[in-house]
Structure formats: C-alpha cells, structure tokens
Amino acid sequence: MSIRVHKAPVGKLAQTIEIDPHTLLTDVSTGEGGDSLAPDPHALLDAALGACTALTLKLFAARKGWPLENADVLVTHQETPGHYRLQRQITLHGPLDAEQRQRLLEIANKCPIHRVLSGEISIETALVQ
C-alpha cells in the first residue's frame, strides 16, 4: 500500500490523499488559514482509531457468532505540548451478555490501530529531488 498526498485542486491549503484506488481530502479550519473543506489531519487520525475499533469488534463478534448488531465509537482528543490524549467511548448494540461485553472491551483495546498508537512509532523522512 502506498499513500500519496498532494495539493488539492480546491482550496488554499487542502490536500488530496490517494490511498491505492481511494481518494480523500483533508484541510484545516479557516482560523488556521484553510477553507474547512474536509476533516483536518488530527480528525483523520482519530477517525482511524474509531473505524478500526468498530470494524474489529464487528469482525470478532461475527466470528464468535455473538449478537453484536453495531458498535458506535466516539473518539475525541486533547492536545497539550508533547502529549496527544485520545478518549474513546464505545456503545455496543445488540443482546449481549455481560461477559461478551467485557470481552469486546478487551478486543477494542487490541484493534490494530490502537496497538500502533500505543506502541513506539518512528518516522523516517527523506527529501526527494
């Protein structure tokens, strides 16, 4: 998989994000100099955690044959210098028992994006001529 980001044809700062065959847009608020045409990069990061959580829970419950109808995930964040704190609230829909609900909470904390964000991340950057 490769992700390419380049200036979008609209807006002052908006960027087009190409992820294989998919195209997304990101921008910043008007207060930050953008046009608020799309979610900002922080929102996309938060959304990755929410989406991964919901997908992971649905897949796990389906594999177990559990009656999880849906998992709604609300992600918010607080940012201070040097610290980015994510808060995640999960609402499970369906006739699940207490044991299943507890196990799904454990699984939410093991979703792939949760693991990435909780682990050590290194970024290598190079300028290309």
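Above this text sits the structure in question.
Here the structure is a predicted model, which is why all the values come from computation and not from measurement. (Residues numbered from 1 in each chain as written. Predicted model: local features only at pLDDT ≥ 70, side-chain atom pairs only at ≥ 80, totals over all residues. Heavy atoms only, no water.)

Focus on the overall build of the protein chain
Right, on to step 1. When helices and strands are tallied, the protein chain shows three helices and five strands.
Right, on to step 2. Each helix and strand of the protein chain, ordered N terminal to C terminal, gives the series β-β-β-α-β-β-α-α.
Right, on to step 3. The C-alpha radius of gyration of the protein chain comes to 18 Å, more than 25% above the 14 Å expected for a compact globule of 129 residues.
Right, on to step 4. Seen through its C-alpha atoms, the protein chain measures out along the principal axes to roughly 55 × 30 × 30 Å.
Right, on to step 5. The buried share of the protein chain, taken over its 129 residues, is 23%.
Right, on to step 6. Across the protein chain, contacts joining residues at least 24 apart in sequence account for 34% of those joining residues at least 6 apart.
Right, on to step 7. On the protein chain, roughly 9100 Å² of surface is accessible, and the fraction owed to carbon and sulfur atoms is 56%.
Right, on to step 8. For the protein chain, the distance from the average position of its 12 positive side-chain charges to the average position of its 15 negative side-chain charges is 6 Å. (Helix = DSSP H or I, 4+ residues; strand = E, 2+ residues; numbered from the N terminus. Rg over C-alpha atoms; globule rule 2.2 N^0.38 Å. Buried < 20%, exposed > 50% of the residue type's maximum accessible area, 1.4 Å probe, protein only. Contact = heavy atoms within 4.5 Å. Areas by Shrake-Rupley, 256 points an atom, 1.4 Å probe, with all protein chains shown as cover. Lys, Arg positive; Asp, Glu negative; His and termini not counted. Charge placed at Lys NZ, Arg CZ, Asp CG, Glu CD.)

As for helix 1 (residues 41-64)
Right, on to step 1. With 24 residues, helix 1 extends 35 Å between its outermost C-alpha atoms, agreeing within 8% with the 34 Å of an ideal straight helix rising 1.5 Å per residue.
Right, on to step 2. Within helix 1 the residues assigned to the buried category are Asp46, Leu49, Gly50, Cys52, Thr53, Ala54, Thr56, Leu57, Phe60 and Ala61.
Right, on to step 3. Next to the buried residues of helix 1 lie strand 4 (70-80), strand 5 (83-93), helix 2 (98-108) and helix 3 (112-118).
Right, on to step 4. Of the residues that open helix 1, the one with a side-chain oxygen 3.0 Å from the backbone nitrogen of histidine 42 is aspartate 40.
Right, on to step 5. Looking one or two places after helix 1, you find glycine 65, whose phi comes out positive at around 75°. (Expected span 1.5 Å × (residues − 1). Polar contact = N/O pair within 3.5 Å; in protein donor to acceptor, adjacent residues only side chain to side chain.)

Section: the layout of surface pockets
Right, on to step 1. Its boundaries defined by the atoms lining it, the largest pocket holds a volume of some 390 Å³.
Right, on to step 2. Lining the largest pocket are 15 residues, and of these Ile3, Ile17, Pro41, Leu44 and Leu45 lie nearest its centre.
Right, on to step 3. In terms of residues, the lining of the largest pocket owes the most to one element, helix 1, which gives four residues.
Right, on to step 4. Considering only residue class, the lining of the largest pocket consists of 13 nonpolar, two polar and no charged. (1 Å grid on protein atoms, 1.4 Å probe; cavity = no way out; pocket = protein on both sides within 12 Å on 5 of 7 lines; lining within 4 Å. Points joined across faces, edges and corners; volume = space filled by probe spheres on them. Nonpolar A, V, L, I, M, F, W, Y, C, P; charged D, E, K, R; others polar.)

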